[in-house]
Amino acid sequence: MYFSNRNDKTVYINHYSGLLEVEGEGDLCREDTDVFPATDGDWAKEYDVLDVKEGFTALREGFLDAFPDISCLILARTVESVATTPEIDKRLRKNKVLIRGEYDTFAEEFAREKGLKFLHCDIHLADDNDETHHEFDIITLRFHPNGSADIHYNCFTPGSSAGSYGGGEIANKLPRNFYAGCDLEAFADHFPERLREQLLSNGMLGRFLEAANRRHGKRKNQQEQNQEQA
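Residues numbered from 1 in each chain as written. Predicted model: local features only at pLDDT ≥ 70, side-chain atom pairs only at ≥ 80, totals over all residues. Heavy atoms only, no water.

### Notes on the confidence of the model for the chain
Put simply, the rule is: pLDDT: the predictor's confidence for each residue, scored from 0 to 100. In what follows, a contact means two residues having at least one pair of non-hydrogen atoms within 4.5 Å.
Averaged over every residue, the pLDDT of the chain is 91; residues scoring 70 or more account for 93%. Counting interchain partners and residues more than four positions distant, the pLDDT-below-50 stretch residues 160–164 has two contacts.

Right, here's the structure in full:
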């Protein structure tokens, strides 16, 4: 974990998977890449996925310069601008950087403007504390670049000794256009009742289902018009 020397409320949470999450609020600028505890000047080159969390509104010029090796940039819906230079734009295209975020937000607009691919961000659905089976699951709706989607369960269970933990991961594939005709209540029907309140109050899930169904309807209408004209 690192903290910006400019603003100690800007926190970098590093993961061994190559993911770097940035939490805080306001804007991010070049000075925010000077961090403590002290590191060498190339610390940001260790990460290939940069996830800018909700609360930030802008990435100022110079910030992305510190992350030359990212292959994926995730922008929360609060981000309204990302400053780049022609050199940065060229690097983003050369590295085929995938832009992720919610539909109908700046992230999608940014990807379109820069000629980059866009993919909806994964959605944390719920945390399931199953006391009956002594299991705690983090449940996520994941989207993959090949167009597929799944429900991912990161499961934690008590280990065989004190202080030891077990568990595993399970991914259940979803059918194509699984969201078609599905609202929050219908989606929640596929999960245990104990998770219903979390699912019905999940804002990102609700926004995704509404936008995905709207887009699906437009594609369907266009296909029908094309068939009639053929």
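### Quick notes on the side chain of Asp137
Counted only if it meets this: Each helix is a run of DSSP H or I of at least 4 residues and each strand a run of E of at least 2, with the numbering of both proceeding from the N terminus. Burial here depends on accessible area, computed with a 1.4 Å probe over protein chains only, as a share of the maximum for the residue type. Under 20% is buried, over 50% is exposed, and the range in between is partly exposed. Two residue types count as positive, namely Lys and Arg, and two as negative, namely Asp and Glu; His and chain ends fall outside the count. One speaks of a salt bridge when a side-chain nitrogen belonging to Lys or Arg is within 4 Å of a carboxyl oxygen belonging to Asp or Glu.
Positionally, Asp137 belongs in strand E13 (residues 135–143). Despite being buried, Asp137 has no salt bridge partner; Arg194 is the closest side chain of opposite charge, sitting 6.2 Å away. Every residue in contact with Asp137, bar those within four places of it in the chain, is listed here: Ala126, Asp127, Asp128, Tyr153, Asn154, Cys155 and Phe156.

### Overview of the sheet that holds strand E3 (residues 19–23)
Backbone hydrogen bonds hold the strands of a sheet together, and the pairing may be parallel or antiparallel. Selection criterion: Two strands are counted as paired when DSSP detects at least two bridges linking them. Here the axes come from fitting lines to C-alpha atoms, over the contacting stretch only for helices, and the angles between their N-to-C directions go from 0 to 180 degrees.
In space, the eight strands of this open sheet follow the order E5-E1-E2-E3-E6-E8-E10-E11, with mixed pairing throughout. Both outer strands of the open sheet, strand E5 (35–36) and strand E11 (118–120), are each paired with one neighbouring strand and no more. Pairing of strand E6 (residues 49–52) with strand E8 (residues 72–75), which is carried by four bridges, proceeds in the parallel orientation. When the bridges of E8 are listed, Val49 appears paired with Cys72. Taken strand by strand, helix H2 (residues 106–114) contacts E8, strand E10 (98–101) and E11, and its axis lies near 160° from that of E10.

### Details of the environment of Ala83
One can find Ala83 in the loop between strand E9 (81–82) and helix H1 (86–94). Expressed as a C-alpha distance, the spacing of Ala83 and Lys117, which sit 34 residues apart in the sequence, is 18 Å. Contact partners of Ala83, with chain neighbours within four places excluded, come to Leu59, Arg60 and Glu61.

### A look at unusual backbone geometry
Across the junction of Phe36 and Pro37, the peptide omega takes the value 0°, indicating a cis bond. By secondary structure assignment, the location of Pro37 is in the loop between E5 and E6. Positive phi, normally seen in glycine, also occurs at Lys96, with a value near 50°. In this structure, Lys96 sits in the loop between H1 and E10.

### As for the pattern of salt bridges
Within this structure, the stated rule accounts for 21 salt bridges. When the shortest N-O distance is used, the salt bridge between Lys114 and Asp89 registers 3.2 Å. Of this pair, Lys114 sits in helix H2 while Asp89 sits in helix H1; the two residues are 25 residues apart in sequence, bridging distant segments of the chain. A single burial state applies to Lys114 and to Asp89, both of which are buried. Across the pair Asp122 and Arg100 runs a salt bridge whose closest N-O atoms are separated by 2.9 Å. With Asp122 in the loop between E11 and strand E12 (123–130) and Arg100 in strand E10, this residue pair connects regions lying 22 residues apart in the sequence. In this structure, a network of salt bridges that share partners links the residues Asp104, Glu108, Glu210, Arg214 and Arg215.

### Some thoughts on the sheet that holds E9
Here we have three strands laid out as an open sheet, ordered E4-E7-E9, and parallel in their pairing. The open sheet terminates on both sides in strands that have one partner only, identified here as strand E4 (26–28) and E9. Relative to strand E7 (residues 56–59), E4 runs parallel, the two sharing three bridges. Looking at the pairing, Asp27 lines up with Ala58 of E7.

### What to know about the packing of aromatic side chains
In plain terms, the rule: Classification of ring pairs uses Phe, Tyr and Trp, with its six-membered ring standing for Trp, and accepts pairs whose centres are within 6.5 Å; under 30 degrees between planes counts as stacked, over 60 as edge-to-face, and the remaining range as tilted.
Summed over all chains, the structure comprises 14 aromatic pairs. An angle of 50° between the planes, with centres 5.1 Å apart, marks the rings of Tyr2 and Trp43 as tilted. Taken together, the residues span a long stretch of sequence, with Tyr2 in strand E1 (residues 2–4) and Trp43 in the loop between E5 and E6 at a distance of 41 residues. With relative accessibility at 15%, the residue Tyr2 sits in the buried group. Relative to Phe208, the ring of Tyr103 lies with its centre 6.0 Å away and its plane at 25°, an arrangement referred to as stacked.

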